[in-house]
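One letter stands for each residue in the lines below.
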Amino acid sequence: MTQTFTAAQLGQLIASEALSPDSARLRIKNFVAKGYIVTRQRSDSDGRGTLLFSTGDAVTAAVLSRMVDLGGLSKEAMQAAATRLQTWRPGEGENPPESPAEWMWSEYATAPQTPPGFTLHVAWQQKPSGTVNCRAALSHGDHGELGEGLTLAADAVPLASLLVAVDPLFPELAARIDRMGKAH
C-alpha cells in the first residue's frame, strides 16, 4: 500500500523558503479544485472523509508548484502537465501504478543514489487555423519519451517549450516524507 497524505501534509511537502506551509496548502487546494490533482481516496477513519493523496500526487504537486513558481503558466499548460503526470495513456504497460508520477516515484525510491533522469516537456504549437494547443510529455533518461511524445502535426508550428527537470525534486520530497513519517 502506498503512503497517503492529507492536503495539509501535501502542502508541507511542497513548502519552501518562498512558499509558506499555509500558502502551499492553499496551492494544493487550488490544484485539486481545478482538477490538476485527481482525488482517488478518502479517509475511512474520520467522519469527514478527508481527501488522501499518494506519493505520486506529491510528485505531481511538486512539479506543478515548480511550474507556478516559474511564472504562473496558463491553465492549458498546467492541465497538460497535470494530465500527463496523473493519467496513463492507452498501451503504457500492464497493471501500471496509479499514475505516471507514482511510477516515477517508485523508480526514484528503488535507487535514490542514481537519478532516473525524468523531465517534463510542455510544448505549445499553432495550427494553420490559428488554434494553439498545449501538450506535455515525460522523458526518462536514455529511455526516451514515455508514450506518444510530442510529435507535432505536419502543419503545426512550434511556438514555445518548457522543460521541467523532475529529478531535483525527489531528494527533498523523500527527506520531507521521511521526517513526516518519523513525526507520527
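Up top is the structure these notes are about.
Below, the structure is looked at part by part. (Residues numbered from 1 in each chain as written. Predicted model: local features only at pLDDT ≥ 70, side-chain atom pairs only at ≥ 80, totals over all residues. Heavy atoms only, no water.)

Before going further, it helps to examine the packing of helix α1 (residues 7–14) against helix α3 (residues 55–69). With their axes 10 Å apart at the nearest point, α1 and α3 run at an angle of 50 degrees to one another. As judged from the angle between their axes, α1 and α3 are oblique. The chirality of how α1 crosses α3 is right-handed. Where α1 approaches α3, its residues Leu10, Leu13 and Ile14 are matched on the opposing element by Asp57, Ala58, Ala61, Ala62 and Ser65. Taken together, the residues of the contact of α1 with α3 sort by class into six nonpolar, one polar and one charged. (Axes fitted to C-alpha atoms, helices over the stretch in contact; angles between N-to-C directions. Helix = DSSP H or I, 4+ residues; strand = E, 2+ residues; numbered from the N terminus. Parallel < 35°, antiparallel > 145°, perpendicular 65-115°, else oblique. Left-handed = near helix turned anticlockwise from the far one by under 90°. Contact = heavy atoms within 4.5 Å. Nonpolar A, V, L, I, M, F, W, Y, C, P; charged D, E, K, R; others polar.)

This paragraph deals with the nonpolar core. Generally speaking, a soluble globular protein has its nonpolar side chains buried in company with each other. Formed by 46 residues in total, the largest nonpolar core has its most connected members in Val59, Val63, Leu64, Met67, Met104, Leu120 and Val122. For this core, the element with the highest residue contribution is α3, accounting for seven residues. Leaving out residues up to four positions away in the same chain, Val122 has contacts with Met67, Ala77, Ala81, Cys134, Arg135, Ala136, Ala160, Ser161 and Leu162. (Core = buried A, V, L, I, M, F, W, Y, C linked by side-chain atoms within 4.5 Å. Buried < 20%, exposed > 50% of the residue type's maximum accessible area, 1.4 Å probe, protein only.)

Further remarks concern the pattern of salt bridges. Per the stated rule, a full pass over the model turns up three salt bridges. Residue Arg27 pairs with Asp69 through a salt bridge whose shortest N-O separation is 3.0 Å. Taken together, the residues span a long stretch of sequence, with Arg27 in helix α2 (residues 21–33) and Asp69 in helix α3 at a distance of 42 residues. Residue Arg27 is classed as buried on the basis of its relative accessible area, which comes to 16%. (Salt bridge = Lys/Arg side-chain N within 4 Å of Asp/Glu carboxyl O.)

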